[in-house]
Amino acid sequence: MHDSRIAEDPKERARLLARRAYERGRLRLGLLPALLTLLFTLISLSLGREPLYSGAIGLGLAAIAVLFTYRGGIPGRAVLPGLVAGMPPLLFPWALRSVGHYCTSGSCHSLCLLGCVSGGLVAGFLLGKWATNQSARYTFLASGGILATGAGLLGCTMAGAAGMVGMSAALVLSSVPILMLSPTPSGAR
Amino acid sequence: MDQQGKEALKVLMIRLADGDRTAFDPIFTALWPLVLRFSERFLADPRDAEDAAQTALIKLFSHISDFDPERDALAWALGIAAYECKTLRKKKQRRRETAGEVPIEADERAGPESLASQRETEAIVREILSTLSEKDRELVLMHMEDRRPPGDDATFRKRLSRALRRFKLNFTGGPNDA
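Here is a short report on the structure shown in this document. (Residues numbered from 1 in each chain as written. Chains lettered and ligands numbered in written order. Predicted model: local features only at pLDDT ≥ 70, side-chain atom pairs only at ≥ 80, totals over all residues. Heavy atoms only, no water.)

### Remarks on the overall build of chain A
We count it as follows: The helix count covers DSSP runs of H or I at least four residues long, the strand count covers runs of E at least two residues long, and both are numbered beginning at the N terminus. Residue burial is assigned from relative accessible area. The probe radius is 1.4 Å, only protein chains are included, and a residue is buried under 20% of its type maximum, exposed over 50%, and partly exposed in between. Only heavy atoms enter the contact rule, under which two residues are in contact if any of them lie within 4.5 Å.
Counting secondary structure elements, chain A contains nine helices and zero strands. Along chain A, helices (α) and strands (β) appear in the sequence α-α-α-α-α-α-α-α-α when read from the amino end. Looking at chain A residue by residue over its 189 residues, the buried ones come to 47%. In chain A, the proportion of contacts linking residues at least 24 apart, taken out of those at least 6 apart, comes to 76%.

And the structure:
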């Protein structure tokens, strides 16, 4: 409808303004996950490894979280579970470092790698469990998995490429079987 | 709106809260006439009613993600509209008071003729008030709003009585007008 007609017709004007308000409200919803990703990025930066790399992953993760939340639906519902599931692979290596095991840029103690892999396993298990309750379980798992992997990558920078690959593989390996083995509810995909 | 309509509205609201944009238009189309009619009953001026209905729907759609599926969708929408109507009415009242205008509340249940008559009276009273001194005007307004200043009540009553006398004289076109 033409703008001048919209301005004249109170109903159309209200419809347009209400629609804009709705879209703004959706964007506002993305603030909480964005803040959470900011916190994750700060934790990653505090590990003191590759700030540029952490910043880039953090930015990408925030963008995906806001986009998924804004769009809504299954990906939107998977945002917070995905970020929460991403906490173990983010925090395990960090915790292992703070209890005395230290990773340097040249070499990393095996416990860091272990932290990443075990964190990935826990993340995958949690996501798999949560996805079983969803109608579109694989879409939920994929969306949540992207966010959990992003969060995990932020923590596993200190374990190098091996840690990152190990964490991602562990996440997939522990989540998909749960979905495959659990009974499919009616209407689930 | 019957029970079936209310249930359908709730389902649509849940869908929209989840991000399903196809539910927007049916919700708006269902709610606009209801919220507008509700606001018109609350507010005398149809333009105010339109403003209140518009603001209410803007707020509703802005916060639809907070919609609790356990609640009645229509009651939620009308609750927001009632709040907006009250806010608008208070705002107008304050504006009138700040401008030294007459705090006459229109009876929303009255018919159009009665409302027009009320408006006419309001305009006359406002005009007469403008002929009074600032002090007298303040006293008459306080009297109309049933307000009393703290302190000496006897002095206030005496001043009010004089101010009201001058007001009445102006109203009836007495010696002060001449």
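### Here we look at the interface of chain B and chain A
How big an interface is tends to be expressed through the accessible area that disappears when the partners come together. Condition: Accessible area that two parts lose when put together, evaluated with a 1.4 Å probe and summed over both, is termed the buried area. By definition, a salt bridge exists where a carboxyl oxygen of Asp or Glu is found within 4 Å of a side-chain nitrogen of Lys or Arg. N or O atoms closer than or at 3.5 Å make up a polar contact, with two conditions inside protein: a donor-capable atom paired with an acceptor-capable one, and, for residues adjacent in sequence, both atoms drawn from side chains. Lys, Arg, Asp and Glu make up the charged group, whereas Ala, Val, Leu, Ile, Met, Phe, Trp, Tyr, Cys and Pro make up the nonpolar group; the residues left over, Gly among them, are polar.
Contact residues are listed per partner, giving 20 residues for chain B and 20 residues for chain A. Around 1800 Å² of area is buried between chain B and chain A when both sides are counted, 53% of it from carbon and sulfur atoms. On the chain B side of the contact with chain A, B:Asp18, B:Arg21 and B:Phe24 bury the most area, a combined 34% of that side's loss. The interface formed by chain B and chain A holds three salt bridges in total. At the surface where chain B touches chain A, the tally comes to ten residue pairs in polar contact (both at pLDDT 80 or more). Contributions of two or more residues to the side of chain B that touches chain A are made by α1 (3-17), α2 (24-42) and α3 (46-62) of chain B. Considered class by class, the residues forming the side of chain B that touches chain A number nine nonpolar, six polar and five charged.

### A closer look at the side chain of A:Thr37
Residue and element names in this part refer to chain A. With respect to the helices and strands, threonine 37 occurs in helix α3 (residues 31-46). Classification of threonine 37 as buried rests on a relative accessible area of 1%. When neighbours within four sequence positions are excluded, threonine 37 is seen to be in contact with Gly58, Leu61, Ala62, Ala65 and Leu83.

### A closer look at the nonpolar core
Let me state the cut-off plainly: For our purposes a nonpolar core is just a set of buried Ala, Val, Leu, Ile, Met, Phe, Trp, Tyr and Cys residues, chained together by side-chain atoms within 4.5 Å.
One finds B:Met13, B:Ile27, B:Leu31, B:Leu60, B:Phe61 and B:Ile64 to be the most contacted residues of the largest nonpolar core, which totals 36 residues. Breaking this core down by element, the ones donating at least two residues are α2 (10-29) of chain A together with α1, α2, α3 and α4 (73-98) of chain B. The element contributing the most residues to this core is α2(B), with ten residues. Apart from residues no more than four positions distant in its own chain, B:Met13 is found in contact with B:Ile27, B:Leu31, B:Leu60, B:Ile64, B:Phe67, B:Ala73 and B:Trp76.

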